[in-house]
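Overview (structure and organization)
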Amino acid sequence: MSTRRHPGWLARFGIDTRASAAAEMAMIFPIVGFVTMNVVDLATYMYSKMQVDLAAQQAAGIVRSLCTNPAPANCGTTYLNQMKSAAQQTTLGTAVTVVGSPTESYYCANTGGTLVLVATPPATPPATCAATVSGSTSRPGSYIGVPTTFTYHATFPGFSVASYLSSTIQSTAWIRLQ
């Protein structure tokens, strides 16, 4: 009588290839999901940063169109409200805020092209930029800076890298008035 030995459960398990794709997917899915969550959150963070930059530029642009004579005092009484309204025209809407009021200052560009502060109103700026750039006969430029801010909330808090970035996104746009 011949006895045929039947393979044990472990041997049968190793031979059986049914549902192997499902088992492989179960091992890979957490990694793919983690990468996808990070891509979505980081892309949303970068998009929000670009929108805050755009909001600051739009608010500064409104100042340029309203202020024909430099100095915020000459911009009319509604320019702050119009700046806020312009900043909130991005896709972030009213979540973007203009921080305080714009700051006006007088700057000269040094030989490297970097702006150097020379006076802040009510102080009178120097007649030329000679103190900043030797021999310069250029007048200091009047610039207004418009700061904006937005509070970012991660789509997947605690699971993505973006949730550990600063939740407050800030940007300041500068525009030369004169």
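So, here's what we can say about the structure. Keep in mind that what you see is a predicted model, and the values were worked out from it rather than measured.

Counting buried positions along strand β2 (residues 103–109) yields 5 of 7 residues, so the element is predominantly enclosed. Turn length for the β2-strand β3 (residues 115–119) hairpin, with the two strands adjacent in sequence and antiparallel, is 5 residues, and the turn residue Gly 113 shows positive phi of about 90°.

Grouped together as the largest cluster of nonpolar side chains are 22 residues, with contacts concentrated most on Val 63, Met 83, Val 146 and Phe 150. For this core, the secondary-structure elements that each account for two or more residues are α2 (20–66), α3 (79–87), β4 (141–151) and β5 (168–176). The element best represented in this core is α2, accounting for 7 residues. Sequence-distant contacts of Met 83, defined by excluding residues within four places in its chain, comprise Ala 59, Ile 62, Val 63, Val 98, Pro 102 and Val 146.

Attention now goes to the packing of aromatic side chains. In the structure shown here, the tally under the stated rule is 3 aromatic pairs. Ring centres 5.6 Å apart and planes at 80° place the aromatic pair Tyr 107 and Trp 174 in the edge-to-face group. Of this pair, Tyr 107 sits in strand β2 while Trp 174 sits in strand β5, and the two are 67 residues apart along the sequence. The rings of Tyr 107, Tyr 143 and Trp 174 are connected pair by pair, giving a single aromatic cluster.

How each quantity is defined
- Residues numbered from 1 in each chain as written.
- Predicted model: local features only at pLDDT ≥ 70, side-chain atom pairs only at ≥ 80, totals over all residues.
- Heavy atoms only, no water.
- Buried < 20%, exposed > 50% of the residue type's maximum accessible area, 1.4 Å probe, protein only.
- Helix = DSSP H or I, 4+ residues; strand = E, 2+ residues; numbered from the N terminus.
- Pairing = 2+ DSSP bridges.
- Core = buried A, V, L, I, M, F, W, Y, C linked by side-chain atoms within 4.5 Å.
- Contact = heavy atoms within 4.5 Å.
- Phe/Tyr/Trp six-rings, centres within 6.5 Å; stacked < 30°, edge-to-face > 60°.

Honestly, it's all geometry; don't read function into it.
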